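Listed here are the chains, written in short residue letters.
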Amino acid sequence: MRATKQLIVLLITSFLFACSSFELRDANNQLTNLYSATKSANAIEKLNAITGLKTLSDDAANQAEKNITIENQISFYRIATTAAWQSKNYLTAGEHGKKGRSLCVSNNLENRDCGMLLTFPSFAAVDELSIQLMATDKTDLTSFMEIFQLYKGLVIRLSKNWSTIKSGDAGPLLAPETAKRIGEIICEKMSIPLRGNIANLNTSKGTKAFNEIKSLFDDSNVKMIINDPSSNLKSVQDKFICKSDYFENA
Amino acid sequence: MEPSLILFGIKSIMRIKQAGQQALEQSARDQEAIFPDLIAIDITRLDIVNSVFTLPKYQHYVEGIGDYVTTWSQRHDNTSSVDLLYLLAVKIKSEEGIDLDRWLTRNETAAGITFIKQWSESSEPASPLARIILTAADIALEYVSTNPKVIGVGSEGEKQLAAFAENLSELIDDQGNFGTKEGLAERLGSAFLRSGLEAIAENPQWISSKKHMQLFIANTSKPVLEALPTSLAEQLNYQQVVDSLAGPVTNAALNTIVQNQQAFLGDDFATSKATGAITQAVLVTAATGDLRERFSEEGLIEIYQSVLGVAINQPELFIENDGTAKSQLINNLFVGISTELQKYPDLSKGDLGVKIATVVLGSVNRNITNFIDQDTPWEKTLTEMITLIGSNLSTALEENGSLKNLFSNDYLIEITRVILRNIAATPSMIIGNNENLSAVMSAVAIAMEKDKHLLLNGDDWIKIVDIISYEAATNPARLFKLNTDDPSSMAGLQLITLLVDSANLAVSDPGNLATVLYGDTLSEAINIAIQLASRHTQTILGQLTPLKEALQALNLLVSSHPQQLGSQEWLMLFEIILTRVSNADDEIIFTIEQAILILKGEQQ
């Protein structure tokens, strides 16, 4: 009986009200579906998904600008940022992220959307670098080190955001998922010279890249995440040290 | 029906519509949202093949008459070539006990899509349904109170700093359309605004010229904004550096301006342009290079302020004839200084190198005409001076480890200051080359190395450095003329070495317990020796062997008669010995009786 009453109220209100809420819901659903499609093994499906994400990013940004509710604007910017990131329009992701984030700051909001707007431009930049890195000859340490420094800057930038993410009002998975990706940058992406120069294993320890990663673990902001039990980054550090030891003795 | 009730009914429907819409919107906003995975980077077989066969150890397989030369050349076009080379690499490395296959394994990827909730449990707002119920309850309460006026909702606009916004748009973009530079422009603008307010608060007497300030800010902020890179990763890095440095840098700039108002507020605008050019150069160079890794923030600001000091006195060094910044020069200056300091790790401890560099910059600033030579860029001369001083002090400390304990950074900085004061005060000493500075630095470094027993303390060394640098500056070709193949052969240095060696010998002799040749006495002896040798160079230097014997005899004489002879007597007798040497007199060794007569003035 109670459930029926609730349904009636929702139906009445749905009938009465404007369409922007449906557009937001649609946009979010589209984002999820298109993102899933980017993981498809079918190349055409993948390409279509990326094209769809680009359109979604533009549409969501337009909606954000038209909308009068701050919270809706923020949500649309989150969708626009994520869609731009996933369609590889990294600069656009940065711009949408910045606009959405400024609304969060001026309205003192720290929910999930605001947390994502804070960190997603940096994660988009990480992907931008990863694509660049994949096109780089991994034996060319000079080129790698330039990318490496930019990765390092992004890790420090992300770790500076940690306390905001941690103390915000977002769902409980936001902080550990953020930390997990920070760990992935350090341990998987920045460690490429350690893994890439396989023939050089015996000299991996003590190389500039190795020392830089070690020094990153000493950065006060990164340390704060490492020492936070909920981040699980301590295990990333241990894994890195452990891997390096393995390389040293291989 | 009561008209008021009809009115209330209409308003209630409107309010519940509004609440319902808000509820639906909230429900849409609070849907779970995806948190995308990062792009995984795989190590491919080609990567492994490249990394193995580019090593000299394995190049013979793919070069010259190796069996796989053709396969290697086809590796970018032909996957079977990659596979073949990969198998070869696996075989080679497995014989070395390394399993290459493990490195091909893909990174762990999330099994599914990660969804994140909008709110944590404690922060979750009322559910959409609860909001409608609350609105309904609100309406009911309202009905009871029969006060329809509460429906009206008012709002207040946010106040902005009009002047700041106006100034910002005027300086950055006429259209007010900043695009991707918007945030950076705002932060730069606020850094200027805050620094300006702080400077005025701390120096209420400060009267700034609006035109000069505008020019300075425009010369700083516009190029910084225009230098924003095009890739997102670089942009974020750039913004991060600018965000953290803009405040301290603008503070330092305005403080320098406050301290140099007279120069800054002159008739022409060159100083404003130069300070603006340097300010933007330090921000851009720090953001695009690894300057921040080499300097601490304090160190960078200290160098920056010293360079500003030079610019305030000589703005034309930093701007072209057409009024634009000599950007490359400024960039080279900062990078050059940091690169030179990087070569000497000892100098980076506690920003010692930075202090030395600022002393050098200060010296350049005070004696600018001595440093400007049409044939040699002044910034090159400056970085060479830093290298010269850094390398010599480093070597001296390296060669004589005990000195590290003796010298605090303050002593080393003071030594640098004393040398530069003497050298730079003499016109044309630095121009073209650093020969005189090289000579002084070599003499100081070598002399320091000789003092193995630390007979001289930091203050003594400062006196000696003063004596050496003064003599080198006054008579450059005499006692301290550098022979780069054999720096120890400098005449003045031979004399100092003779005295320090003699003192070392005296202090190591267990039978010579009452030696006085250390500390003040030794530094004064060096002073006397250098002054006399400067006047009688050839005769004194031609008699170094007898002089050495006379010194040993004098040390023994004084330490054997401590009741009659002490430090003062030693110095008087030493001066007489040197005078006799300069007069080519053979009688330079005394008995105690002769010494007493000489000291009483009864014998010449």
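Bear in mind the structure is a predicted one, so any value in this text is a computation, not a measurement. The residue numbering used here restarts from 1 in each chain and proceeds along that chain's sequence as written. Labels follow written order: the first chain is A, the first ligand is 1, and so on. Only residues with pLDDT of at least 70 are given local features in this predicted model, and only at 80 or more are side-chain atom pairs given and counted; all residues enter the totals for whole chains, interfaces and linings. Note that the side-chain values use all heavy atoms of the structure and ignore hydrogens as well as water.

### Things to note about the overall build of chain B
Threshold: The way it works is that DSSP assigns letters per residue, a run of H or I at least four long becomes a helix, a run of E at least two long becomes a strand, and they are numbered from the N terminus. By definition, residues are in contact when any of their heavy atoms lie within 4.5 Å. Using the Shrake-Rupley algorithm and a 1.4 Å probe, accessible areas are obtained, with residue cover drawn only from the displayed protein chains.
Counting secondary structure elements, chain B contains 28 helices and two strands. If you take every contact in chain B between residues at least 6 apart in sequence, the share linking residues at least 24 apart comes to 75%. Carbon and sulfur atoms make up 51% of the accessible area of chain B, which totals about 29,100 Å².

### A word on the overall build of chain A
Regarding its fold elements, chain A presents 14 helices and zero strands. Traced from its N-terminal end to its C-terminal end, chain A shows the element sequence α-α-α-α-α-α-α-α-α-α-α-α-α-α. Restricting the contact set of chain A to residue pairs at least 6 apart, pairs at least 24 apart contribute 69%. Accessible surface, chain A: about 10,600 Å² in total, of which carbon and sulfur atoms supply 56%.

### Things to note about the environment of Val 307 of chain B
Residues and elements named next belong to chain B. For clarity, the threshold we go by: Buried, partly exposed and exposed residues are distinguished by accessible area as a fraction of the type maximum, computed with a 1.4 Å probe on protein chains only: under 20%, between the cut-offs, and over 50%, respectively.
Within the element layout of this structure, Val 307 appears in helix 13 (residues 297-313). By relative accessible area, which is 1% here, Val 307 ends up buried. Separated by 54 residues in the primary sequence, Val 307 and Leu 361 place their C-alpha atoms 6.8 Å from one another. Ignoring any residue separated from it by four or fewer positions in sequence, one finds Val 307 in contact with Ile 278, Phe 318, Leu 333, Phe 334 and Leu 361.

### So, the side chain of Lys 152 of chain A
Checked against the element boundaries, Lys 152 of chain A lands in helix 7 (residues 141-160). Here Lys 152 of chain A is in contact with Met 190, Glu 212, Ser 215 and Leu 216 of chain A together with Glu 293 of chain B, once residues within four sequence places are set aside.

### Here's the deal with the state of the cysteines
Residues and elements named next belong to chain A. Let me state the cut-off plainly: Count a disulfide wherever a pair of cysteine sulfur atoms falls within 2.5 Å.
Scanning the model with the defined rule gives one disulfide over all chains in all. A sulfur-sulfur separation of 2.1 Å characterises the disulfide bridge that pairs Cys 104 with Cys 114. Sign of the S-S torsion, about -90° for the bond between Cys 104 and Cys 114, identifies this disulfide as left-handed. Of the two residues, Cys 104 sits in helix 5 (residues 90-106) while Cys 114 sits in helix 6 (residues 112-134), which places them ten residues apart along the sequence. In this pair, the class of Cys 104 matches that of Cys 114, namely buried.

### Quick look at the side chain of Gln 86 of chain A
Summarising the element assignment, Gln 86 of chain A is placed in helix 4 (residues 70-86). Filtering out sequence-adjacent residues up to four positions away, Gln 86 of chain A remains in contact with Tyr 35, Ile 50 and Leu 53 of chain A together with Pro 36 and Asp 37 of chain B.

### Quick word on the confidence of the model for chain B
Residue and element names in this part refer to chain B. Filter applied, for reference: Every residue carries a pLDDT, the predictor's confidence in it, which falls somewhere between 0 and 100.
Summarising the model, chain B shows a mean pLDDT of 74, and 74% of its residues fall at 70 or more. Here residues 143-179 is a poorly scored stretch, pLDDT under 50, and it has 33 contacts once near neighbours within four places are set aside; other chains count. Across the predicted assembly, pTM comes out at 0.56 and ipTM at 0.84.

### Brief notes about the packing of aromatic side chains
So the rule is basically this: Only Phe, Tyr and Trp rings are paired, with Trp represented by its six-membered ring, and only when their centres lie within 6.5 Å; those with planes under 30 degrees apart are stacked, over 60 edge-to-face, the remainder tilted. Two thresholds decide whether a charge sits over a ring: the Lys NZ or Arg CZ must be within 6 Å of the ring centre and within 35 degrees of the ring normal.
This model, assessed by the stated rule, comprises seven aromatic pairs over all chains. When the ring of Phe 120 of chain A is compared with that of Phe 35 of chain B, the centres are 5.0 Å apart and the planes differ by 55°; the resulting orientation is tilted. Taken together, the positions of Phe 120 of chain A in helix 6 and Phe 35 of chain B in the loop between strand 1 (33-34) and helix 2 (45-53) put the pair across two chains. The residues Phe 120 of chain A and Phe 35 of chain B share a single accessibility class, namely buried. Between Phe 53 of chain B and Trp 72 of chain B, the aromatic rings sit 6.1 Å apart at their centres with planes inclined by 70°, giving edge-to-face as the arrangement. Of this pair, Phe 53 of chain B sits in helix 2 while Trp 72 of chain B sits in helix 3 (residues 69-73), and the two are 19 residues apart along the sequence. As far as burial versus exposure is concerned, Phe 53 of chain B and Trp 72 of chain B are alike and both buried. Above the face of the Phe 35 of chain B ring, Arg 181 of chain A is positioned so that its terminal group lies 3.9 Å from the ring centre. Directly above the aromatic system of Trp 72 of chain B lies the positively charged group of Arg 75 of chain B, at a separation of 3.6 Å from the ring centroid.

### Re the nonpolar core
Our working definition: We call a set of buried residues a nonpolar core when its members are Ala, Val, Leu, Ile, Met, Phe, Trp, Tyr or Cys and they connect through side-chain atoms within 4.5 Å of each other.
Phe 318, Phe 334, Ile 337, Trp 570 and Phe 574 of chain B are the most contacted members of the largest nonpolar core, which totals 131 residues. The contact partners of Phe 334 of chain B, leaving out residues within four places of it in the chain, are Ile 278, Val 282, Leu 291, Phe 295, Leu 300, Ile 303, Tyr 304 and Val 307 of chain B.

### Side note on unusual backbone geometry
Positive phi values are uncommon outside glycine, yet Asn 108 of chain A reaches one of about 55°. Along the chain, the position of Asn 108 of chain A falls in the loop between helix 5 and helix 6. Phi angles above zero are rare outside glycine, and Leu 454 of chain B is one such case at about 50°. Judged by its relative accessible area of 32%, Leu 454 of chain B is partly exposed.

### Some remarks on helix 9 (residues 174-189) of chain A
In plain terms, the rule: Residue count minus one, scaled by 1.5 Å, sets the expected span of a helix.
For helix 9 of chain A, built from 16 residues, the straight-helix expectation of 22 Å at 1.5 Å per residue is met to within 8% by its first-to-last C-alpha distance of 21 Å. In terms of burial, helix 9 of chain A is a largely internal element, 14 of the 16 residues being buried.

### Here we look at the packing of helix 18 (residues 378-399) of chain B against helix 21 (residues 435-450) of chain B
Residues and elements named next belong to chain B. How we decide: Note on geometry: axes are C-alpha line fits, over the in-contact stretch for helices, and angles between N-to-C directions span 0 to 180 degrees. Note on angle classes: values under 35 degrees are labelled roughly parallel, values over 145 roughly antiparallel, values of 65 to 115 roughly perpendicular, and the remainder oblique.
Relative orientation of the contacting elements helix 18 and helix 21 amounts to 10°, with a least axis distance of 8 Å. Taken together, the axes of helix 18 and helix 21 lie roughly parallel to each other. Taking contact as the criterion, the partners of Met 385, Leu 388, Ile 389, Asn 392, Leu 393, Thr 395, Ala 396 and Glu 399 in helix 18 are, on helix 21, Leu 437, Ser 438, Met 441, Ser 442, Ala 445, Met 448 and Glu 449.

### Brief notes about the pattern of salt bridges
Keep this limit in mind: A pair is scored as a salt bridge if a Lys or Arg side-chain nitrogen falls within 4 Å of a carboxyl oxygen belonging to Asp or Glu.
For the structure on display, the rule yields 14 salt bridges over all chains. Lys 99 of chain A is the salt-bridge partner of Glu 65 of chain A, the closest N and O atoms lying 3.7 Å from each other. A residue pair is termed long-range when its members are at least 10 positions apart, and Glu 65 of chain A in helix 3 (residues 43-66) and Lys 99 of chain A in helix 5 qualify at 34 residues. Residue classification places Glu 65 of chain A among the partly exposed residues on the basis of a relative accessible area of 48%. Between Glu 110 of chain A and Arg 101 of chain A there is a salt bridge whose closest N-O contact spans 2.6 Å. It is possible to trace a salt-bridge network through shared partners that takes in Lys 39, Glu 177, Lys 180 and Arg 181 of chain A together with Asp 37 of chain B.

### Some remarks on the environment of Asp 501 of chain B
Considering the arrangement of structural elements, one finds Asp 501 of chain B in helix 23 (residues 491-508). Along the primary structure Asp 501 of chain B and Lys 450 of chain B are separated by 51 residues, whereas in three dimensions their C-alpha atoms are 7.2 Å apart.

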